[in-house]
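# Report on the structure
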Amino acid sequence: MAGLPSVLLATCTALLALAAPSLAGDPDMLQDLCVADYKSLEGPLRLNGFPCKRLENMTANDFFSDMLSLPGNTGNPVGSAVTAANVEKVPGLNTLGVSMSRVDYAPWGMNPPHTHPRATEILFVLEGSLGVGFITTTGKLFARTVCKGGVFVIPRGLVHFQKNNGGVPAVAISAFNSQLPGTQSLTEAMLAAFPMEPTDVLVRALQIDGGAPVHVV
Ligand code: GLV
Ligand code: MN
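Read on for an overview of the structure. (Residues numbered from 1 in each chain as written. Chains lettered and ligands numbered in written order. Predicted model: local features only at pLDDT ≥ 70, side-chain atom pairs only at ≥ 80, totals over all residues. Heavy atoms only, no water.)

### Focus: the overall build of the protein chain
- Counting its regular elements, the protein chain contains three helices and ten strands.
- Ordering the α and β elements of the protein chain from the N terminus gives α-β-β-β-β-β-β-β-β-β-β-α-α.
- The proportion of buried residues among the 217 residues of the protein chain is 32%.
- Looking at the protein chain alone, contacts between residues at least 24 apart form 67% of all its contacts between residues at least 6 apart. (Helix = DSSP H or I, 4+ residues; strand = E, 2+ residues; numbered from the N terminus. Buried < 20%, exposed > 50% of the residue type's maximum accessible area, 1.4 Å probe, protein only. Contact = heavy atoms within 4.5 Å.)

Laid out in structure tokens, this is it:
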């Protein structure tokens, strides 16, 4: 008969095995296709992801997009534009655990520090030369120049950025292991949340104004 320690060990192993999927990225698929049926979102049902269209209503166009063929508009203060081909634009990506984006950089433009909570990113430099980097949770910066044809990997959830090192436009293509990686900009999270973060929290966190508490009215 199994002793108590081995029963405990077996129970712990089973519990860990059950917990493992929740530590992974997008879950595995349970069928060949599950093209997102956006229309059903108007109904009362809510899912983690999107419900599937019926097979007879799926077409090749559900798996197609030419949205990455055109440059994004980089005429903005940071000088970059991200065009994301994720499940919200390409419904055939639903449940497949992958997506892509195109990033255009104006001369000397940058893609400001941001994170993707649900995906690792691999960035391929299509045109130009970029300074790229990510920062670990312990504060270590991994950064280098990546020229045309090079790739750079950004581990899931870590803060990262790119800047165009040149006086000519640059372009990168990124692939993600999530149908919807999510993007959180550090600057926007700090300074453009809605409703706004309490001023005393920002002042103290950013160590401005001496860090003295400021009351929000
Ligand atoms: C680049 O970092 C991107 O998220 O597309
Ligand atoms: Mn990114």
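### Topic: the packing of aromatic side chains
- One pass over the full model with this rule turns up three aromatic pairs.
- Judged by centre distance (5.9 Å) and plane angle (45°), the ring pair of Phe134 and Phe152 falls under tilted. Taken as a pair, Phe134 in strand S5 (residues 129-135) and Phe152 in strand S7 (residues 151-154) lie far apart in primary sequence, 18 residues in all. Considered together, Phe134 and Phe152 belong to a single accessibility category, that of buried residues.
- Members of the aromatic cluster, joined through ring pairs, are Phe134, Phe142 and Phe152.
- Seen from the ring of Phe142, Lys140 lies directly overhead, with NZ or CZ sitting 5.2 Å from the centre. (Phe/Tyr/Trp six-rings, centres within 6.5 Å; stacked < 30°, edge-to-face > 60°. Lys NZ or Arg CZ within 6 Å of the ring centre and 35° of its normal.)

### A word on the side chain of Glu121
- By the element assignment, Glu121 lies in strand S4 (residues 121-127).
- An unpaired buried charge is present at Glu121: no salt bridge exists, and Arg156, the closest side chain of opposite charge, is 12 Å distant.
- Within polar-contact distance, the side chain of Glu121 engages the side chain of His160 at 3.0 Å.
- When residues no more than four places from it in sequence are discounted, the contact partners of Glu121 are His114, His116, Phe152, Val153, Ile154, His160, Gln162, Ser174, Ala175 and Phe176. (Lys, Arg positive; Asp, Glu negative; His and termini not counted. Salt bridge = Lys/Arg side-chain N within 4 Å of Asp/Glu carboxyl O. Polar contact = N/O pair within 3.5 Å; in protein donor to acceptor, adjacent residues only side chain to side chain.)

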